[in-house]
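Structural characterization, general
The primary structure of each chain is shown beneath.
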Amino acid sequence: MPLPKGSGDTLTRWMVETAPGVFIGTPGRRVRDRFWEVLAERIGDGQAVMAEPANNEQGWAVRTAGRDRWKPVDFDGVMLMARPRR
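A short tour of the structure in this document, coming up.

How each quantity is defined
- Residues numbered from 1 in each chain as written.
- Predicted model: local features only at pLDDT ≥ 70, side-chain atom pairs only at ≥ 80, totals over all residues.
- Heavy atoms only, no water.
- Helix = DSSP H or I, 4+ residues; strand = E, 2+ residues; numbered from the N terminus.
- Contact = heavy atoms within 4.5 Å.
- Salt bridge = Lys/Arg side-chain N within 4 Å of Asp/Glu carboxyl O.
- Buried < 20%, exposed > 50% of the residue type's maximum accessible area, 1.4 Å probe, protein only.
- Core = buried A, V, L, I, M, F, W, Y, C linked by side-chain atoms within 4.5 Å.
- Pairing = 2+ DSSP bridges.

1. Considering the environment of Trp-36
Examined against the element boundaries, Trp-36 turns out to sit in helix 2 (residues 29-42). When the C-alpha positions of Trp-36 and Arg-63 are compared, they lie 8.5 Å apart, and in sequence the two are 27 residues distant. Look past the residues within four positions of Trp-36 in its chain and what remains in contact with it is Ala-48, Val-49, Met-50, Arg-63, Thr-64 and Ala-65.

Listed below in structure tokens is the structure:
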């Protein structure tokens with residue numbers, strides 16, 4: 001599903017688009033939080049996933065937004081992704 005209008009242009013200022021709709025980069029926390037706020041608000045029927053650095057055993061955390069999305073679940077300190085039930 002395409003990004004919400006204008007999102008791709010904004011993301012490419014800070015990140016590299018490695019495949020259609022897939023962006024990779026290392027923006028600071030403030031920029032990441034603002035991207036996520038706008039994207040989660042505009043995602044509509046789409047889905048978004050963001051992996052980011054975290055101070056935990058795995059060294060990363062995941063945010064998800066959108067409809068029918070997989071959700072991060074803490075399982076004894078290990079982050080796993082749970083599929084939505086149909």
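2. Quick notes on the pattern of salt bridges
Using the criterion set out here, one finds five salt bridges in the structure. When the shortest N-O distance is used, the salt bridge between Arg-67 and Asp-45 registers 3.7 Å. Taken together, the residues span a long stretch of sequence, with Arg-67 in the loop between strand 4 (60-66) and strand 5 (71-75) and Asp-45 in the loop between helix 2 and strand 3 (47-53) at a distance of 22 residues. The exposure class of Asp-45 is exposed, given its relative accessible area of 54%.

3. Re unusual backbone geometry
Residue Asp-68 is not a glycine yet carries a positive backbone phi of 55 degrees. Following the sequence through the fold, Asp-68 ends up in the loop between strand 4 and strand 5. Under the relative-accessibility criterion, Asp-68 is labelled partly exposed at 45%. One non-glycine residue, Asp-76, adopts positive backbone phi at about 55 degrees.

4. Quick look at the nonpolar core
Counting six residues, the largest nonpolar core consists of Trp-36, Leu-39, Ile-43, Ala-48, Met-50 and Ala-65. Among the secondary structure elements, those contributing two or more residues to this core are helix 2 and strand 3.

5. What to know about the environment of Thr-26
Positionally, Thr-26 belongs in the loop between strand 2 (22-24) and helix 2. Thr-26 sits eleven residues away from Met-15 along the chain, and the two C-alpha atoms are 7.3 Å apart.

6. Some details on the pairing of strand 5
With five bridges joining them, strand 5 and strand 6 (residues 78-82) adopt antiparallel strand pairing. Among the inter-strand pairings, Asp-74 is bridged to a residue of strand 6, identified as Met-79. Remark: two residues form the turn of the hairpin made by strand 5 and strand 6, two consecutive strands paired antiparallel; Asp-76 in that turn has positive phi of roughly 55 degrees.

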